[in-house]
Amino acid sequence: MEEITIHEFDFALINEFFTELERQGPGSPEETIRALGFIDNLSNKTKIADLGCGTGAQTMVLAQNTEATITALDLYAGSIDKLNVTAGKLGLQNRVKGIVGSMDNLPFQNDEFDLIWSEGAIANVGFEKGLNHWKGFLKKDGYVAVTYESWFTDERPAEIEKWWLDAVPEISTIGHNISIMQKTGYIPVAAFTLPENCWIDNYLIPQKARQEEFLKIHAGNKTVEDMIAFMRREADLYSKYKQYYGYVFYIGKKM
Ligand code: SAM
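Okay, so let's go over this structure. (Residues numbered from 1 in each chain as written. Predicted model: local features only at pLDDT ≥ 70, side-chain atom pairs only at ≥ 80, totals over all residues. Heavy atoms only, no water.)

### A look at the overall build of the protein
For the protein, the helix and strand inventory stands at 9 helices and 8 strands. Seen through its principal axes, the protein has C-alpha atoms that stretch 50 × 45 × 30 Å. In the protein, buried positions account for 50% of the 255 residues. Contacts spanning at least 24 positions in sequence make up 77% of the contacts within the protein whose residues lie at least 6 apart. With 25 positive and 36 negative side-chain charges, the protein shows a spacing of 5 Å between the two charge centroids. (Helix = DSSP H or I, 4+ residues; strand = E, 2+ residues; numbered from the N terminus. Buried < 20%, exposed > 50% of the residue type's maximum accessible area, 1.4 Å probe, protein only. Contact = heavy atoms within 4.5 Å. Lys, Arg positive; Asp, Glu negative; His and termini not counted. Charge placed at Lys NZ, Arg CZ, Asp CG, Glu CD.)

Dropping the structure here:
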């Protein structure tokens, strides 16, 4: 039987599942702060766009570790509503604003931002296409910082290769992704892999209780059962093959 791919699940259903969780992808405050350490000239004039922000876990870390003004954008309105509520609770509403929009058709001015951030989201529009499109909204010498699924080795077992080619057809090695960053007009500044705790503690383990709950909420819904089975397989594959792939933070400076 053909395996179901992530693209076959309803966008709203995936987001309904994930917006109840603190993060919607692998990551951590420590790694966001580590990446932020590569960005020069941050000040209270800095303007940041956080694309594919989800409910804003990394947005709040950026806001709490800079004096910047942040526009956070996601296609899913439910996530943006949550993000704006969280910003208000943390007293950050004057500097953090969530808006609904698409990463491949940004509603911004040319040269508007000093920094474009995006964790776990650029694959939705494509690494090269996203970097190309976003560059126009960055000032000269502005930075881009993204996490993106990447191969750690030149070769890997067929089972995991197929899984990722279905999910992210463009997935490639770190070296190749750095060359794309350079080709699209950025000077590569840094690349580092996200440690396992970003996946296990912050992404896969929190999903477990939500999976049980979601199956109850949607009892008898075959699509939901398939989606949860897909997520459980993603977790199994990670523990089996994590030496071959992961998220990598890529940081570049617009030429
Ligand atoms: N950055 C968040 C985090 O790390 O917790 C969310 C990452 S989640 C894996 C990917 C996010 O990208 C989702 O919130 C999804 O709604 C958003 N997304 C998918 N396609 C998008 C698009 N075309 N434009 C904007 N956001 C999009």
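### With respect to the layout of surface pockets
Rolled over the atoms, a probe with the dimensions of a water molecule shows which regions are left empty. Counted as a void, the second largest pocket has a volume near 310 Å³. What lines the second largest pocket is a set of 16 residues, and nearest its centre among them are Glu22, Arg23, Thr55, Gly56 and Ala57. Contributing elements (two or more residues each) for the lining of the second largest pocket: helix 3 (57-64), helix 4 (77-89) and helix 8 (196-217). In terms of residue count, helix 3 provides more of the lining of the second largest pocket than any other element does, 4 residues in total. Taken together, the residues that form the lining of the second largest pocket break down as 6 nonpolar, 6 polar and 4 charged. (1 Å grid on protein atoms, 1.4 Å probe; cavity = no way out; pocket = protein on both sides within 12 Å on 5 of 7 lines; lining within 4 Å. Points joined across faces, edges and corners; volume = space filled by probe spheres on them. Nonpolar A, V, L, I, M, F, W, Y, C, P; charged D, E, K, R; others polar.)

### Some details on the site of the ligand
Lining the immediate surroundings of the ligand are 21 residues, of which Gln24, Gly52, Asp74, Met103 and Glu119 lie closest. Between the ligand and the protein, one listed contact pairs a nitrogen atom with a backbone N or O atom of leucine 75 at 3.3 Å. Separating a nitrogen atom of the ligand from a side-chain N or O atom of serine 102 is a distance of 3.0 Å. Protein contacts shield 90% of the accessible area of the ligand, which totals 590 Å² for the unbound molecule. Considered class by class, the residues forming the shell around the ligand number 8 nonpolar, 10 polar and 3 charged. (Near = heavy atom within 4 Å. Polar contact = N/O pair within 3.5 Å; in protein donor to acceptor, adjacent residues only side chain to side chain. Areas by Shrake-Rupley, 256 points an atom, 1.4 Å probe, with all protein chains shown as cover.)

### Topic: the nonpolar core
Formed by 78 residues in total, the largest nonpolar core has its most connected members in Trp117, Trp134 and Trp164. Ranked by residue count, the leading element in this core is helix 9 (residues 222-241), at 8 residues. Those residues in contact with tryptophan 134 that lie beyond four places of it in its chain are Leu51, Met103, Leu106, Ile116, Ser118, Ile122, Val125, Val144, Val146 and Tyr186. (Core = buried A, V, L, I, M, F, W, Y, C linked by side-chain atoms within 4.5 Å.)

### A closer look at the side chain of glutamate 234
Counting through the fold element by element, glutamate 234 comes out in helix 9. The buried charged residue glutamate 234 lacks any salt bridge partner; its closest oppositely charged side chain belongs to arginine 233, at an N-O distance of 11 Å. Polar side-chain contacts of glutamate 234 include one of 3.4 Å to the side chain of tyrosine 203. Apart from the residues within four sequence positions on either side, glutamate 234 is in contact with Trp163, Tyr203 and Tyr245. (Salt bridge = Lys/Arg side-chain N within 4 Å of Asp/Glu carboxyl O.)

### Some remarks on the environment of glycine 78
Within the secondary structure layout, glycine 78 lies in helix 4. Taking the C-alpha atoms as reference, glycine 78 lies 7.4 Å from threonine 19; in sequence the two are 59 residues apart.

### Comments concerning the pairing of strand 5 (residues 138-151)
Of all 14 residues in strand 5, 11 are buried; the element is thus mostly enclosed. With 6 bridges connecting them, strand 4 (residues 113-119) and strand 5 associate as parallel partners. Bridged to tryptophan 117 within strand 5 is alanine 145. Taken together, strand 4, helix 5 (residues 127-135) and strand 5 form a β-α-β motif whose crossover is right-handed. Here strand 5 pairs with strand 8 (residues 245-254) via 9 bridges, running antiparallel. Within strand 8, the residue paired with threonine 147 across the bridge is phenylalanine 249. With 2 bridges joining them, strand 5 and strand 6 (residues 172-173) adopt parallel strand pairing. Looking at strand 6, one finds that tryptophan 151 is bridged to threonine 173. (Pairing = 2+ DSSP bridges. Right-handed = clockwise from strand over helix to strand, strands pointing away.)

### Section: helix 9
The end-to-end C-alpha distance of helix 9 is 28 Å, a good match for the 28 Å that 20 residues give at a rise of 1.5 Å each. Among the residues of helix 9, those classed as buried are Val224, Met227, Ile228, Phe230, Met231, Glu234, Leu237, Tyr238 and Tyr241. Those residues of helix 9 hidden inside the fold are in contact with helix 1 (11-18), helix 6 (158-167), helix 8 and strand 8. N-cap assignment for helix 9: the residue whose side-chain oxygen lies 2.9 Å from the backbone N of threonine 223 is asparagine 221. (Expected span 1.5 Å × (residues − 1).)

In short, the description is geometric, and any link to function would need to be established separately.
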